[in-house]
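Structural overview
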Amino acid sequence: MRLSACIEWLFADEAAEPAERIRRAHAAGFEAVEFWHWRNKDVDAIAAALKETGISLSGFVAEPMIALTDPANHAAFLEGLKTTVEVANRLGATILIAQAGNDLPGKSRHDQRAALTACLAASAAVLKGSGVRLGVEPLNTRIDHQGYFLPSTAEALDIVDAVARPEVGIVYDLYHSLVMAEVPEEVLTNRVDRIIHVHVADHPGRNDPGTGLLDLKTPLSWLVANGYSGRVGLEYRPLNGTTAGLDMVRQALS
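Predicted model, so just to flag it, every value in this text is computed and none were measured. (Residues numbered from 1 in each chain as written. Predicted model: local features only at pLDDT ≥ 70, side-chain atom pairs only at ≥ 80, totals over all residues. Heavy atoms only, no water.)

Counting secondary structure elements, the chain contains nine helices and eight strands. With the C-alpha coordinates aligned to their principal axes, the bounding extent of the chain is approximately 45 × 40 × 35 Å. Counting only residues that meet the buried cut, the chain has 53% of its 254 residues in that class. Look at the contacts in the chain between residues 6 or more apart in sequence, and 76% of them connect residues 24 or more apart. (Helix = DSSP H or I, 4+ residues; strand = E, 2+ residues; numbered from the N terminus. Buried < 20%, exposed > 50% of the residue type's maximum accessible area, 1.4 Å probe, protein only. Contact = heavy atoms within 4.5 Å.)

Put into structure tokens, the structure is as follows:
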């Protein structure tokens, strides 16, 4: 299994700067890392750490992170996406993450879904030929993201199918999906190829895999058996230090 360490949380207990967290991830045996926003980071230092260690950057967030369900935000998002793609190409990242935004008061779900679909389609045109793909991410509304527009993996897949462009897929977070009581094998049947990146964490607490109640190994094995070959991003809050828990995490997932 090809793991990617999300250095927003992993190795944050050991190093303050993202570049140093990259070095810690490499020393811990990771071949890839990822993070969230890039505008609040020293991109030059990150580029140097990636080159020094030879580690890959899986991806990061497409900025600005604004509600794509609101047509008024589309121009700003698409302009920011152009710059984000340039940064991704510089750093060798092939995955960008987008979030739909919260459900907008006074606007129907039909209109918001249409706006989200249109923005993703326009994003595909920006991404064409760049080697970079954009994944819209369903998030759970039961615990972490109350009011979020897109908690359903099935609906996210339907939107991606409506866009019908290879540049656009979904980021599938098993933690969010299982918290929403989805059955991965049901919601993903015949559509695993729409997944461009996977995230994992345990529940409760969104902590290290192996510390909670979720069986993450079974759906991950199913994903691989059904054609998923991308990376699995470890996006969890370490309970007792990152390095100390890594052996348990790897055993819980493989």
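Moving on, there is more to tell.
Okay, the sheet that holds strand β4 (residues 95-98) next. Spatial strand order, β1-β2-β3-β4-β5-β6-β7-β8: eight strands in a closed barrel with parallel pairing. For this sheet the average axis-to-axis angle between neighbouring strands, irrespective of direction, equals 30°. Where strand β3 (residues 56-61) lies against β4, three bridges are found, and the strand directions are parallel. Following the sheet pairing, Val-61 is matched in β4 by Ile-97. Together, β6 (168-173), β7 (195-200) and β8 (232-234) form the strand contacts of helix α8 (residues 217-225), whose direction differs from that of β7 by roughly 165°. (Pairing = 2+ DSSP bridges. Axes fitted to C-alpha atoms, helices over the stretch in contact; angles between N-to-C directions.)

On to helix α5 (residues 153-163). Since the α-helix turns once every 3.6 residues, residues separated by three or four places project in the same direction. Looking only at α5, the buried set comprises Thr-153, Glu-155, Ala-156, Leu-157, Ile-159, Val-160 and Val-163. Looking at the buried residues of α5, the elements they touch are α4 (109-127), β5 (133-136), β6, α6 (174-179) and α7 (184-187). Regarding α5, its N-cap is Ser-152, as a side-chain oxygen of that residue lies 3.3 Å from the backbone nitrogen of Ala-154 further along. A positive backbone phi angle near 55° is found at Ala-164, which sits one or two residues after α5. (Polar contact = N/O pair within 3.5 Å; in protein donor to acceptor, adjacent residues only side chain to side chain.)

Our next topic: the layout of surface pockets. Estimated volume of the largest pocket: approximately 200 Å³. Residue lining of the largest pocket: 14 residues in total, with Trp-36, Gln-99, Glu-137, Arg-206 and Glu-235 positioned closest to the centre. Residue composition of the lining of the largest pocket, by class: six nonpolar, four polar and four charged. (1 Å grid on protein atoms, 1.4 Å probe; cavity = no way out; pocket = protein on both sides within 12 Å on 5 of 7 lines; lining within 4 Å. Points joined across faces, edges and corners; volume = space filled by probe spheres on them. Nonpolar A, V, L, I, M, F, W, Y, C, P; charged D, E, K, R; others polar.)

Okay, the pattern of salt bridges next. Taken as a whole and assessed by the stated rule, the structure comprises 16 salt bridges. The network of salt bridges with common partners includes Glu-14, Glu-20, Arg-23, Arg-24 and Glu-52. (Salt bridge = Lys/Arg side-chain N within 4 Å of Asp/Glu carboxyl O.)

Quick look at the side chain of Ser-123 now. Within the secondary structure, Ser-123 is located in helix α4. Ser-123 has contacts with Phe-77, Leu-78, Leu-81 and Leu-134, leaving out every residue within four places of it along the chain.

This model, assessed by the stated rule, comprises three aromatic pairs. Ring centres 6.1 Å apart and planes at 85° place the aromatic pair Phe-11 and Phe-30 in the edge-to-face group. Residue Phe-11 is found in the loop between β1 (3-6) and α1 (18-27), and its partner Phe-30 is found in the loop between α1 and β2 (32-34); the two are separated by 19 residues along the sequence. When sorted by exposure, Phe-11 lands in the same class as Phe-30, which is buried. The interplanar angle of 10° and the centroid separation of 5.4 Å between the aromatic rings of Phe-35 and Phe-60 together place this pair among those described as stacked. With Phe-35 in the loop between β2 and α2 (43-53) and Phe-60 in strand β3, the pair connects residues that are 25 residues apart, well separated along the chain. Residues Phe-35 and Phe-60 agree in their burial class; the two are buried. Here Arg-250 stacks its cationic end above the ring of Phe-30, 4.9 Å away from the centre of that ring. (Phe/Tyr/Trp six-rings, centres within 6.5 Å; stacked < 30°, edge-to-face > 60°. Lys NZ or Arg CZ within 6 Å of the ring centre and 35° of its normal.)

Our next topic: unusual backbone geometry. With an omega of 5°, the peptide bond running from Glu-63 to Pro-64 counts as cis. Note on placement: Pro-64 falls in the loop between β3 and α3 (74-91). Cis geometry is adopted by the peptide bond preceding Pro-204, which originates at His-203 and carries an omega value of 5°. Inspection of the secondary structure assignment puts Pro-204 in the loop between β7 and α8. Of note, the phi angle at Ala-164 is positive, near 55°, even though the residue is not glycine. When you line up the elements, Ala-164 lands in the loop between α5 and β6. Using a relative accessible area of 57% as the deciding quantity, one classes Ala-164 as exposed.

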